[in-house]
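# Descriptive structure summary
These are the residues of each chain, in order.
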Amino acid sequence: MSTPLPVLITGAARRIGLHCARQLIKAGQPVIISYRNHRAAVDELTEAGALCLQADFSSETGITSFIDTLQQHTSGLRAIIHNASCWQADPQPPSGRAFAELFHVHMLAPYLINLACEPLLRKSPVADIIHISDDVTRRGSHHRVAYSASKAALDNMTLSFASQFAPHIKVNGISPALIMLHPEDSEEYAQQARDKSALKVVPGPEVVMQAIEYLLNNPYVTGTTLSLNGGRHLKN
């Protein structure tokens, strides 16, 4: 039996991306991850068999350098999961440089990686691209205008690439609201977070993994963004 082609997960050295990488590896799926800053989890994933490639998506040079390195390490891909993100509030005073970083991470990196890796995905009998967006695009944000706008552009790219790459490559998105708390978050904050959704839970990263598995395994879904917000749209 031939070895399955790897799944690429960008920004997978922490939180949701790390959880998904661990779950895929546990299931016997080869994984390639990108990471911006070295963390202990990078060594953990390497020991588990993942190929871990350092990448800085905040500039076009960094993105194209990563693509070159990736193409040297694999001849095909089963899927790309665009998880890399920059949770950044709008600076005061306003800065075009800050917006440019969000543009590069959330928009240009997926755009260039998708186009460059299309031939690698076509080596797989079944191929997927999954964009991880954000529920904030549903309403916008007072304090993260650039973040919300760049994630909304990623949602739009889901539609465009789904049309362009059909029928062989399915392209979908996942739009999560708050999925995980930070260790330093207070119980008061946690309760406020739970109260924002109709289901009143902070579910943890496994719900994202379940959505990924659904999209990877369903042959009849493309150009769709799944909402993982616990019913926040029912409360707002």
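Scope of this entry: the structure provided in the associated data block. (Residues numbered from 1 in each chain as written. Predicted model: local features only at pLDDT ≥ 70, side-chain atom pairs only at ≥ 80, totals over all residues. Heavy atoms only, no water.)

Turning to the packing of helix H1 (residues 15–26) against helix H2 (residues 40–48), a few remarks are in order. Packing of H1 against H2 leaves a shortest axis separation of 11 Å and a crossing angle of 15°. The angle between H1 and H2 falls in the class roughly parallel. Classified by chirality, the crossing of H2 by H1 is left-handed. For the pair H1 and H2, the contacting residues are Leu18, Ala21, Arg22 and Ile25 in the first and Ala41, Glu44, Leu45 and Ala48 in the second. Broken down by class, the residue content of the contact of H1 with H2 amounts to six nonpolar, no polar and two charged. (Axes fitted to C-alpha atoms, helices over the stretch in contact; angles between N-to-C directions. Helix = DSSP H or I, 4+ residues; strand = E, 2+ residues; numbered from the N terminus. Parallel < 35°, antiparallel > 145°, perpendicular 65-115°, else oblique. Left-handed = near helix turned anticlockwise from the far one by under 90°. Contact = heavy atoms within 4.5 Å. Nonpolar A, V, L, I, M, F, W, Y, C, P; charged D, E, K, R; others polar.)

Pairing in this open sheet of seven strands is parallel, and the strands run S3-S2-S1-S4-S5-S6-S7 from one edge to the other. Looking at strand neighbours, the two that pair on one side only are strand S3 (51–54) and strand S7 (225–228), the edges of this open sheet. Neighbour to neighbour, the strand axes of the sheet diverge by 15° on average, direction disregarded. With six bridges joining them, strand S5 (residues 127–132) and strand S6 (residues 169–176) adopt parallel strand pairing. Pairing of Ile130 across the sheet is with Asn172, part of S6. The sheet strands contacting helix H7 (residues 206–217) are strand S4 (79–82), S5, S6 and S7, and the helix crosses S6 at an angle near 160°. (Pairing = 2+ DSSP bridges.)

Here the focus is the packing of aromatic side chains. Scanning the entire structure with this criterion turns up four aromatic pairs. Look at Trp87 and Tyr147: their rings are 4.8 Å apart centre to centre, the planes differ by 90°, and that puts the pair in the edge-to-face class. Here Trp87 is found in the loop between S4 and helix H4 (96–121), whereas its partner Tyr147 is found in helix H5 (residues 145–165), with 60 residues between them in sequence. Trp87 gets classed as exposed once you look at its relative accessible area, which sits at 56%. Overall, Tyr147 belongs to the buried group, its relative accessible area being 3%. Their ring planes at 45° and their centres at 6.1 Å tell us that Tyr111 and Phe161 sit as a pair that is tilted. One end of the pair, Tyr111, is in helix H4; the other, Phe161, is in helix H5, and 50 residues separate them in sequence. (Phe/Tyr/Trp six-rings, centres within 6.5 Å; stacked < 30°, edge-to-face > 60°. Buried < 20%, exposed > 50% of the residue type's maximum accessible area, 1.4 Å probe, protein only.)

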